[in-house]
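What the coordinates show
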Amino acid sequence: MTSYFSRRDFMKTAGIGTVGLALGGPAFINKVFAQPSGRRTLRILQWSHFVPRYDRWFDPFVKKWGEEHNINVIINHISLSDLRSTFASEVVAGRGHDIVEFIDPPSDFEPSVLDLTDLNQEARRRFGAQVPFATRSSYNPDTKKYYGFCHGWTIDPGDYRKSLWQKVGKPDGPRTWEDLLVYAARIKRELGVQNGIGLSQELDTNMAGRALLWSFGTGTQDGRENVILDNRKTVEAVKFMANLYDQTLTPEVFGWTPASNNQLLIAGRASYILNSISAYRSAQKDVPEIAKDIYFSPALKGPDGIGWACEHVIYVSVIPKFAAANADIAKQFLLDLSANYDRAMWESELYASPAFFNTPLLSGDRGYPRVSGAKKLRDLYSHWFANDPYALPGEARGKLLPLRDAETWSTNVGHPGPANPAEGEIFGTFIIPNMFARVAQRQQRAEESVKQASAECRKIFDKWRAKGLIGQRG
Amino acid sequence: MRNGHLFQRDSLTAFALLLPVCLYLAAFIGFPFVMSFIYSISNATIGDPHYSITGLNNFRDMFHDAAFRTSLANTFIFTFVSIALVIVLGHILAELLIRDFPGKWIVRFLLMLPWTAPIALGTIGFLWFMDSVYSPFDWLLRKAGLLGSPGDLLGPMSNLYWLARPGLAMASVILVHVWRLLPLATVILIAGLNAIPREIVEAAQIDGAGYFRRLFHITLPLIFPVIGVTVLFSVFFTFTDMTVVWILTRGGPPPHATQVLASLAFLKSIQGGDLAQGAAISLFFFPVLAGIAAIVLRLVKKAVVI
């Protein structure tokens, strides 16, 4: 018997299928996303950590936490670059994850997330004071709302090659921006190895540019969220960067990605970079002889002896308004994560630093060698930074010592004010790197470039003021 | 048998056949387009689903923004240089590939590869080729004695820094985009060349017409409609594409040497959070592309009529 599928059959099948999908689709989707009966589900969205070992610890930790609390936990790791767009889609859709962890302050999402004042107060009660710039990265002083909960951050020190700096008579590396200019220029001239500060549209350049501005006593805003960029000190900082480019850098820095300075250091072609210790950790695994030569310096000081570094990463978790039904378990999880921050530090190979240094250490087997006398995270932190547990055999163990007080010279985007949405947009659209680069490339005079950047910043501030997320000029 | 009767009506069948397309267009083109327009006249941000209508401020700001003007110029450079190269190179390749030679199938296969590979993967490959430290292109140039020592043709620096120098960065972005578009253009042009009646070409050859006379007086006029379609496809692909630019340069070197409108819209709306400004920039595509489509289709129609 011959059978064939006629046009009419196709039309019928397709028509029935389309109608069926239209009617049944939403029901099916609802079923997939519905809470399983009897057991609640907590959904967490965060980046794939730069240190893969952290995720290998974090995921089982969360699962175990879920089992202990009779909660299903789903963790989704996505690329850092997809985090904002993914959460924006969830906000519009009105459904998605219960906790979203950002690595920069998500202050522009304030209208769509829950006020976490109670969580932050409870964390202070349990763990003591929070690092001030962690608060400035999760609290809006104008609306008096905690839009996030900051549990940790990452140091952004100077990483320098000791053998090179020794040869030019500065074995302990630079301590001021002037040192960097003078000695890195000599290293480039005499030893043929360049400096590694970026001048591109990427994250590390953004941080380096801000560190330079703050160390020169200027910045994009003051403590009361007024734009102050257009001033003599900014012009000096911009001229300094152009000079630094001329004497210590090469044109490649205009095309860098966030990984470029790491690559340059590991390739043995950079005398100094501004980056987290992950660059050093990568070198320990890939090129041990380079790693053994890498040492660290704190924030470089400017002409007035002030030195600031931008936090490299700041972990801020938010709970969206659409996840209000699960807010209680989400808050409980975040408190428990903070209580376990010794493991977060250890498993991230000291990449993550705590926002609450006075957190009491939990008893029992913690998965790392006990440190005698350590009662709080601060004790552990001080011990590990004086005796790096991840140092290679034969490598100096006290290399991280200069970073032990990093919270005193690290600060947030928007320093000395809060990390408001205007600062976020200025950061995200690379206004500061462009300001420096235009002058280094001889496209503009320093004064003109600063004026242009300042005008762009003012426009952005005015827009966010109109949205009510930044206070009126003070 | 009432159902069968219904499906026998031509008007109903036509309606049923068109319905999925109409639904698709309404859902995935019409709705986003209307939303883009609404966002562009609002103060929408990505962090807040609520917004109010603010009029044409975003368009005013857009035209006053130096980054927009630079990106607009870059978009035209990126689009038209890419397309000119694609058409010229595509035509040369098509002329070669309509001839018989040993291993023709493998050449055609290799030619199609860039089109079959995901563009993001291909571009990441080029990102490595053009790396500021490890570029194999630079290694070859150094080995050839063209780069890396005083007096070398391309300079004494160890690397060319493909993605860090404004002119070279734009050339790199165009190069990768041409690599991506060339297979499609070539295949379309092969189809066009194969459609030319052999007797016309042979008659011209008998009359003593050389290659260039045949090219300009027979081949190009006859495949002009095909070239028109290729240009149209390529313009649409290029004008609205940000993959190559974003992966290779993210719009840099600073300030915006390779920034195009699509990447600027992404930068402003997603990176910067200003959804309204991003929507205003992306809406700028509509009249420009509609104008280009109208001109090209009119020229094609004219050529067909002639």
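Residues numbered from 1 in each chain as written. Chains lettered and ligands numbered in written order. Predicted model: local features only at pLDDT ≥ 70, side-chain atom pairs only at ≥ 80, totals over all residues. Heavy atoms only, no water.

Let's talk about the overall build of chain B
To keep it simple, the criterion reads: Counting from the N terminus, the helices are the DSSP runs of H or I reaching at least four residues and the strands are the DSSP runs of E reaching at least two. Both definitions apply: the radius of gyration is a C-alpha atom measure, and the globule rule equals 2.2 Å times residues to the power 0.38.
If you tally the helices and strands in chain B, you get 14 helices and 0 strands. The order of helices and strands in chain B, counted from the N terminus, is α-α-α-α-α-α-α-α-α-α-α-α-α-α. Against the globule reference of 19 Å for 306 residues, chain B gives a C-alpha radius of gyration of 24 Å, more extended than a compact globule. By principal-axis analysis of the C-alpha atoms, chain B measures approximately 70 × 65 × 35 Å.

Examining the overall build of chain A
Quick note on the threshold: Classification of residues uses two cut-offs on accessible area relative to the type maximum, computed with a 1.4 Å probe and protein chains only: under 20% is buried, over 50% is exposed, and between them is partly exposed. Here, residues are in contact when the closest pair of their heavy atoms is within 4.5 Å. In these tables, accessible area is a Shrake-Rupley quantity obtained with a 1.4 Å probe, and a residue counts as shielded only by the protein chains included in the view. In this tally, Lys and Arg are treated as positive and Asp and Glu as negative; His is ignored, and so are the chain termini. Think of each charge as sitting on NZ of Lys, CZ of Arg, CG of Asp or CD of Glu.
When helices and strands are tallied, chain A shows 19 helices and 14 strands. Taking 2.2 N^0.38 as the reference for a compact globule, 474 residues should give roughly 23 Å; the C-alpha atoms of chain A span a radius of gyration of 25 Å, in line with that estimate. For chain A, the spread of C-alpha atoms along the principal axes amounts to about 90 × 60 × 55 Å. Counting over 474 residues, chain A shows a buried share of 59%. By sequence separation, contacts in chain A at least 24 residues apart represent 74% of the contacts at least 6 residues apart. When the accessible surface of chain A is split by element, carbon and sulfur atoms take 55% of a total near 18200 Å². When the 58 positive and 52 negative side-chain charges of chain A are each reduced to one mean point, those points stand 2 Å apart.

A closer look at the packing of helix H9 (residues 232-248) of chain A against helix H19 (residues 446-466) of chain A
All names here are of chain A. Heads up, the rule is: Lines fitted to the C-alpha atoms define the axes, with helices restricted to the stretch that makes contact. Angles between their N-to-C directions range from 0 to 180 degrees. Angle categories are assigned with fixed cut-offs, so that under 35 degrees is roughly parallel, over 145 is roughly antiparallel, 65 to 115 is roughly perpendicular, and the rest are oblique. Each crossing gets its handedness from the near helix: less than a right angle anticlockwise from the far helix is left-handed, clockwise is right-handed. Residue polarity follows a fixed list, in which Ala, Val, Leu, Ile, Met, Phe, Trp, Tyr, Cys and Pro are nonpolar, Asp, Glu, Lys and Arg are charged, and the others, Gly among them, are polar.
It is the contact of H9 with H19, at a shortest axis distance of 9 Å, that shows an interaxial angle of 120 degrees. On the basis of their axis angle, the class for H9 and H19 is oblique. For the element pair H9 and H19, the recorded crossing hand is right-handed. Listed contacts from H19 to Thr-234, Val-235, Val-238 and Lys-239 of H9 are Ala-446, Glu-447 and Val-450. Considering only residue class, the contact of H9 with H19 consists of 4 nonpolar, 1 polar and 2 charged.

Things to note about the packing of helix H2 (residues 10-40) of chain B against helix H13 (residues 275-283) of chain B
Residues and elements named next belong to chain B. Between H2 and H13, the shortest axis-to-axis distance is 7 Å and the interhelical angle comes to 120 degrees. When the axes of H2 and H13 are compared, the pair comes out oblique. Where H2 crosses over H13, the handedness of that crossing is left-handed. Here Phe-33, Ser-36, Phe-37, Tyr-39 and Ser-40 of H2 lie close against H13, whose contacting residues are Leu-275, Ala-276, Ala-279, Ala-280 and Leu-283. For the contact of H2 with H13, the class distribution of residues is 8 nonpolar, 2 polar and no charged.

Observations concerning the sheet that holds strand E3 (residues 99-102) of chain A
Residue and element names in this part refer to chain A. For clarity, the threshold we go by: At least two DSSP bridges between two strands are required for those strands to pair.
The strand order across the open sheet built from 6 strands is E2-E1-E3-E12-E6-E13, with neighbouring strands paired in mixed fashion. Two strands lie at the open edges of the sheet, namely strand E2 (71-78) and strand E13 (353-354), each paired on one side alone. Pairing between strand E1 (residues 40-47) and E3: 2 bridges, direction parallel. Each residue of the ladder has a partner; that of Ile-44, found in E3, is Ile-99. Against the sheet, helix H13 (residues 327-339) contacts E1, E2, E3, strand E6 (149-154) and strand E12 (313-318), and its axis sits at roughly 55 degrees relative to E1.

A closer look at the nonpolar core
Condition: Side-chain atoms within 4.5 Å link the members of a nonpolar core, which is a set of buried Ala, Val, Leu, Ile, Met, Phe, Trp, Tyr and Cys residues. For every domain, the bounds stem from an assignment made automatically or drawn from a database.
Trp-177 and Phe-333 of chain A are the most contacted members of the largest nonpolar core, which has 153 residues in total. Here this core gathers at least three residues from each of two domains, domain 1 (40-154 + 312-386) and domain 2 (158-309 + 402-466) of chain A. Ignoring sequence-local partners within four residues, the contact set of Phe-333 of chain A consists of Leu-42, Ile-44, Phe-58, Phe-61, Val-62, Trp-65 and Ile-99 of chain A. Counting 38 residues, the second-largest nonpolar core is a separate cluster that includes Phe-430 of chain A together with Leu-111, Ile-190 and Ala-280 of chain B.

Observations regarding the side chain of Ser-338 of chain A
Residues and elements named next belong to chain A. Position of Ser-338 among the secondary structure elements: in helix H13. The exposure class assigned to Ser-338 is buried, which follows from its relative accessible area of 2%. Excluding anything up to four places from it in sequence, Ser-338 contacts Phe-127, Phe-149, His-151 and Thr-359.

Looking at unusual backbone geometry
Here the residue pair His-415 of chain A and Pro-416 of chain A is connected by a cis peptide bond, since its omega of 5 degrees sits within 30 degrees of zero. Secondary-structure assignment places Pro-416 of chain A in the loop between strand E14 (410-411) and helix H17 (421-428). With an omega of 0 degrees, the peptide bond running from Gly-252 of chain B to Pro-253 of chain B counts as cis. Along the chain, Pro-253 of chain B turns up in the loop between helix H11 (243-248) and helix H12 (261-271). A positive phi is found at Leu-350 of chain A, a non-glycine position, where the angle reads about 70 degrees. Relative to the elements of secondary structure, Leu-350 of chain A occurs in the loop between helix H14 (341-347) and E13.

Comments concerning the side chain of Arg-465 of chain A
Residues and elements named next belong to chain A. Selection criterion: Each reported salt bridge corresponds to a side-chain nitrogen of Lys or Arg within 4 Å of a carboxyl oxygen of Asp or Glu. Polar contact is defined as a pair of N or O atoms within 3.5 Å, subject to the rule that within protein one atom must be able to donate a hydrogen and the other to accept it, and that residues adjacent in sequence are counted only when both atoms are side-chain atoms.
Relative to the assigned elements, Arg-465 resides in helix H19. Despite being buried, Arg-465 has no salt bridge partner; Asp-462 is the closest side chain of opposite charge, sitting 4.3 Å away. In terms of polar contacts, Arg-465 uses its side chain to reach the backbone carbonyl oxygen of Glu-225, at 2.8 Å.

Description of the pattern of salt bridges
Scanning the model with the defined rule gives 30 salt bridges over all chains in all. When salt bridges with common partners are traced through the structure, they connect Lys-239, Arg-445, Glu-447 and Glu-448 of chain A into a single cluster.

Describing the packing of aromatic side chains
Between two aromatic rings, the relevant description is the distance of the centres plus the angle of the planes. Definition in use: The pairing test for Phe, Tyr and Trp rings, Trp by its six-membered ring, is centres within 6.5 Å, and the orientation test on the planes gives stacked under 30 degrees, edge-to-face over 60, and tilted for anything in between. Whether a charge lies above a ring is judged from NZ of Lys or CZ of Arg, which has to be within 6 Å of the ring centre and within 35 degrees of the ring normal.
According to the stated counting rule, one finds 47 aromatic pairs over all chains in the structure shown. Both rings, one in Phe-137 of chain B and one in Trp-162 of chain B, keep their centres 5.6 Å apart while their planes meet at 65 degrees; by these two values the pair is edge-to-face. With Phe-137 of chain B in helix H7 (residues 136-143) and Trp-162 of chain B in the loop between H7 and helix H8 (166-194), this pair connects stretches of sequence that are 25 residues apart. Grouped by ring-pair contacts, the aromatic residues Tyr-54, Trp-57, Phe-58, Phe-61, Trp-65 and Phe-333 of chain A constitute a single cluster. Directly above the aromatic system of Tyr-295 of chain A lies the positively charged group of Lys-399 of chain A, at a separation of 4.8 Å from the ring centroid.

Some thoughts on the domain arrangement of chain A
All names here are of chain A. Heads up, the condition is: Accessible area, probed at 1.4 Å, shrinks when two parts are joined; the buried area is that loss added up over both.
Here the domain parsing of chain A yields domain 1 (40-154 + 312-386) and domain 2 (158-309 + 402-466). A separation of 28 Å is found between the C-alpha centroids of domain 1 and domain 2. Across the contact, 24 residues belong to domain 1 and 25 residues belong to domain 2. Summed over both partners, the interface of domain 1 with domain 2 comes to about 1900 Å²; 60% of that surface belongs to carbon and sulfur atoms. Counting the contacts that link domain 1 with domain 2 gives 2 salt bridges.

Considerations on the sheet that holds strand E7 (residues 158-161) of chain A
All names here are of chain A. The sheet built from 4 strands is open, its strands ordered E8-E9-E7-E10 with mixed pairing. Of all the strands in the sheet, just strand E8 (194-196) and strand E10 (294-297) have a single pairing partner and so form its edges. Taking the axes of each pair of neighbouring strands and ignoring which way they run, one obtains an average angle of 20 degrees across the sheet. Two elements, E8 and strand E9 (residues 270-274), share 2 bridges in a ladder whose sense is parallel. Bridging across to E9, Gln-194 finds its partner in Ala-270.

Points about the pairing of E12 of chain A
Residues and elements named next belong to chain A. Along E12, 6 of the 6 residues are buried, which leaves the element largely enclosed by surrounding structure. Side chains Val-313, Tyr-315 and Ser-317 of E12 all project onto a buried face; the interleaved residues Ile-314, Val-316 and Val-318 project onto the opposite face, where all are buried too. When E3 meets E12, the two strands line up antiparallel, connected through 3 bridges. Within the sheet, the bridge partner assigned to Glu-101 lies in E12 and is Ser-317.

What about the interface of chain A and chain B?
The interface is formed by 41 residues belonging to chain A together with 41 residues belonging to chain B. Regarding the contact of chain A and chain B, the summed buried area is about 3600 Å², with carbon and sulfur atoms giving 58% of it. Applying the counting criterion to the chain A and chain B interface returns 2 salt bridges. One salt bridge in this structure joins Lys-463 of chain A and Asp-274 of chain B, with 2.6 Å as the shortest N-O distance. Where the side of chain A that touches chain B is concerned, the elements lending two or more residues are helix H1 (7-33), helix H3 (83-93), helix H10 (260-266), H17, helix H18 (431-440) and H19 of chain A.

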